[in-house]
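# Understanding the architecture of this molecule
Below, each chain spelled out in residue letters.
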Amino acid sequence: MRIKLLILILVTPLIVLFTSIILNAQWVRMTNGMPATLNIKAIATNGSTVYAGSPNYQMLYVSKNNGLDWTAYSMGYNYLHSFAFVGSKLFAGTGWGLIEIDTSNYTYTSNSFNRLYQMSIAANGNYIYVGTSDSNIFISTNAGITWSRPSNEYNNIYSLYTTGSNVYAATSKGVLYSTNNGLTWTRIQYLNWQNLSVITKDNTILAGLPSGCMRSTNSGFSWIPSSDLDGAVYSMVIKGNRIIAGINSGNNSSIGISMTTNLGVNWMPKGEGLNYKDIYFVSANDEYIFAGSRFYGIWRRPLTEMVGVENISTEVPAGFSIKQNYPNPFNPTTNIEFDVSKSSDLKITVFDIKGREIQTLVNERLNAGRYKVIFDGSSLNTGVYFYRLIANGYTETKRMFLIK
């Protein structure tokens, strides 16, 4: 009896610790107030308020606490496919036209070009771009008061992305771009097959395809397949140096979520905890990443868990080591560099002063070289924290200070 009690005393903390690690490092499904079989194709955020739309239900789902609880508001006959904020106005693309939603009382008004299937929306300032079922792009320069339509035919417009005066459109026959707020458009050459999503950062264009992703660093004159992606890339979102992609294979065999910190050169799987891994849409605020799944509702994960490893040197180090973080003290982020002397499975974890694991920064196989990972302590209190490297029988721990 004493032996059984001793085993229970020793094992129980390990079970609790393991469970805590799993729960604190994965996606969690948000179900309170939302149908279990909801197909989410549109997500928008405004602070901690999250808006979700589905092509299956004529409802707008609203959460005011980062997705923990949801309230449904009827949108009449409108199935919601896409969202865009213009100031305080929330525009939604539906199967029957464009609507403007009053976020104070969740009523809506229909736009003048009604009964056209709205496939995609993007907004920048007072400019709004809408891709419709008749293969055209409608443009408003005054926050939706009036609209124009360039005369060109653009095929199906699956996704729109805008930055400054540049606008990109993923279509059924390649990627289009405009450098004058959509007044005129040019088709990017050498990528004239179906594109599902498009995004750009630091002179790199990423185009999501039905199978994987292509990247261009020369305005689309040449394209390179991104490695480590399998499945249809329906959506991408940028948060700092991270680009996060939602992936849908149609049979739940994809990894669901991937992330790159080097503009698509390499992608890392980030679908831990996703029981259903066909993802249609990804969005983010300053605290969480939200993922809309195919017939399985909406999921969220803390942004601080979406960390990535950056390879800063391929020179082979003499041994394994982890460097002192910098800056130190820090608020709220700090850099941690480490050396890998040979290809190994490697783990870096962060602990508080009581030895409780806070976050896993790295848990993957890396080739020889020097790497850097960023730790974000936004959700933590001022105090002393520790970070530990474990690789190939080697262990090293260092201390860091968070001051807010």
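Residues numbered from 1 in each chain as written. Predicted model: local features only at pLDDT ≥ 70, side-chain atom pairs only at ≥ 80, totals over all residues. Heavy atoms only, no water.

## Quick word on the packing of aromatic side chains
On inspection of all chains with the given rule, the structure shows eleven aromatic pairs. Between Tyr296 and Trp299, the aromatic rings sit 6.0 Å apart at their centres with planes inclined by 20°, giving stacked as the arrangement. Looking at Tyr296, the relative accessible area reads 27%, which means it is partly exposed. Look at Trp299 and you get buried, because its relative accessible area is 2%. Here the aromatic rings of Phe320 and Tyr394 are separated by 6.4 Å at their centres, their planes lie at 25°, and the arrangement is stacked. One end of the pair, Phe320, is in the loop between β28 (309-313) and β29 (321-322); the other, Tyr394, is in strand β35 (residues 394-402), and 74 residues separate them in sequence. Connected via pairs of aromatic rings, a cluster forms that spans Tyr276, Tyr296 and Trp299. The side chain of Lys41 reaches across the aromatic face of Tyr280, ending 4.6 Å from its centre. Above the face of the Tyr288 ring, Arg300 is positioned so that its terminal group lies 3.9 Å from the ring centre. (Phe/Tyr/Trp six-rings, centres within 6.5 Å; stacked < 30°, edge-to-face > 60°. Buried < 20%, exposed > 50% of the residue type's maximum accessible area, 1.4 Å probe, protein only. Helix = DSSP H or I, 4+ residues; strand = E, 2+ residues; numbered from the N terminus. Lys NZ or Arg CZ within 6 Å of the ring centre and 35° of its normal.)

## A short note on the sheet that holds strand β2 (residues 42-46)
Backbone-to-backbone hydrogen bonds pair the strands of a sheet. The strands run either parallel or antiparallel. Taken in spatial order, the four strands make up an open sheet running β2-β3-β4-β5, and their pairing is antiparallel. Because the sheet does not close on itself, it has two edges, and the strands there are β2 and β5 (71-74). When the angles between neighbouring strand axes are averaged without regard to direction, this sheet yields 25°. Relative to strand β4 (residues 59-63), strand β3 (residues 49-53) runs antiparallel, the two being bridged by four bridges. Bridge pairing links Gly53 to Leu60 in β4. (Pairing = 2+ DSSP bridges. Axes fitted to C-alpha atoms, helices over the stretch in contact; angles between N-to-C directions.)

## Considerations on the pattern of salt bridges
Inspection of the entire model under this criterion finds ten salt bridges. In this structure, Asp286 engages Lys239 in a salt bridge whose closest nitrogen and oxygen atoms are separated by 3.4 Å. Of this pair, Asp286 sits in the loop between β25 (279-284) and β26 (288-293) while Lys239 is found in strand β21 (residues 232-239), placing the two residues 47 residues apart along the sequence. Judged by relative accessible area, which is 17%, Lys239 ranks as buried. A salt bridge links Arg356 to Asp352; the nearest nitrogen and oxygen atoms lie 2.7 Å apart. One network of salt bridges, with partners in common, ties together Lys323, Glu337, Asp339 and Arg370. (Salt bridge = Lys/Arg side-chain N within 4 Å of Asp/Glu carboxyl O.)

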